[in-house]
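So the chains spell out like this:
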Amino acid sequence: MAKEAKDGARRQQVYTLLVEVGRKAGDGLPEGATGAALMLYASGIDEAEAVRESVAILKQADMAPLDVSGYGTLEERLAEGHDIPEEERALMERALAENAVIVAQMTPFFEDEDD
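Because the structure is a prediction, the values reported are computed rather than measured.

Chemist: Give a description of the overall build of the chain that names residues and reports values.
Modeler: Scanning the chain for helices and strands turns up 3 helices and 4 strands. In the chain, the succession of α and β elements from N to C terminus is β-β-α-β-α-α-β. Pairs at least 24 apart in sequence give 69% of the contacts found in the chain among residues at least 6 apart. Entry remark: accessible area of the chain is about 7,100 Å², with carbon and sulfur atoms responsible for 49%.

What follows is the structure in structure tokens.
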């Protein structure tokens, strides 16, 4: 649920998203990777907006988003007992200040050679 400002308007919050991407020409993923998982911090008035903006930006960057999992806001994650280091909090603050999508981590996927 988006928080409301004192004037009743909903305000921006930062959501933690995990996005799985497939391969696409020009995506910048390492050679041999079959895709990747991206940990993002994205601002939005609600999680749906944060997801829409993130997917749009990834597509503009020639990436192929396949699936998005939301992990909530900082407050929601803390309530669930997540340990959130200062570096991560700083990236969240930056996403909010810049009304941006910040890619915090990228983990490429590779085919298991034993398959």
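Continuing now.
Chemist: Outline the pattern of salt bridges, supporting the account with residue identities and numerical values.
Modeler: Any two side chains of opposite charge can pair if their charged atoms end up close together. Applying the stated rule across the entire model yields 4 salt bridges. In this structure, arginine 89 and glutamate 86 form a salt bridge, with 4.0 Å as the shortest nitrogen-oxygen distance. On the criterion of helical spacing, the pair formed by arginine 89 and glutamate 86 is a turn pair, its members being 3 residues apart in helix α3 (residues 86–98). The class for arginine 89 is partly exposed, based on a relative accessible area of 24%. A salt bridge links arginine 94 to glutamate 98; the nearest nitrogen and oxygen atoms lie 3.2 Å apart. A residue pair is termed a helical-turn pair when its members lie 3 or 4 positions apart in one helix, as arginine 94 and glutamate 98 do in helix α3 at 4 residues. Judged by relative accessible area, which is 43%, arginine 94 ranks as partly exposed.

Chemist: Go over the pairing of strand β2 (residues 33–44), please, and point to the residues and values.
Modeler: A regular strand carries its side chains on alternate faces of the sheet. A large share of β2 lies buried, amounting to 10 of its 12 residues. Taken together, the 9 bridges between strand β1 (residues 13–22) and β2 define a ladder with antiparallel strand orientation. Note on β2: the bridge partner recorded for valine 19 is leucine 38. Here β2 pairs with strand β4 (residues 101–110) via 9 bridges, running antiparallel. Looking at the pairing, alanine 33 lines up with phenylalanine 110 of β4.

Chemist: Lay out the nonpolar core in plain terms, naming residues and giving numbers.
Modeler: Counting residues in hydrophobic clusters, the biggest one holds 13 residues, and the most contacted among them are Leu17 and Val21. Within the residue set of this core, elements represented by two or more residues are β1, β2 and α1 (47–60). The element best represented in this core is β2, accounting for 5 residues. Residues Ile84, Ala95, Ala100 and Ile102 belong to the second largest nonpolar core, which totals 7 residues.

Cut-offs and rules
Residues numbered from 1 in each chain as written. Predicted model: local features only at pLDDT ≥ 70, side-chain atom pairs only at ≥ 80, totals over all residues. Heavy atoms only, no water. Helix = DSSP H or I, 4+ residues; strand = E, 2+ residues; numbered from the N terminus. Contact = heavy atoms within 4.5 Å. Areas by Shrake-Rupley, 256 points an atom, 1.4 Å probe, with all protein chains shown as cover. Salt bridge = Lys/Arg side-chain N within 4 Å of Asp/Glu carboxyl O. Buried < 20%, exposed > 50% of the residue type's maximum accessible area, 1.4 Å probe, protein only. Pairing = 2+ DSSP bridges. Core = buried A, V, L, I, M, F, W, Y, C linked by side-chain atoms within 4.5 Å.

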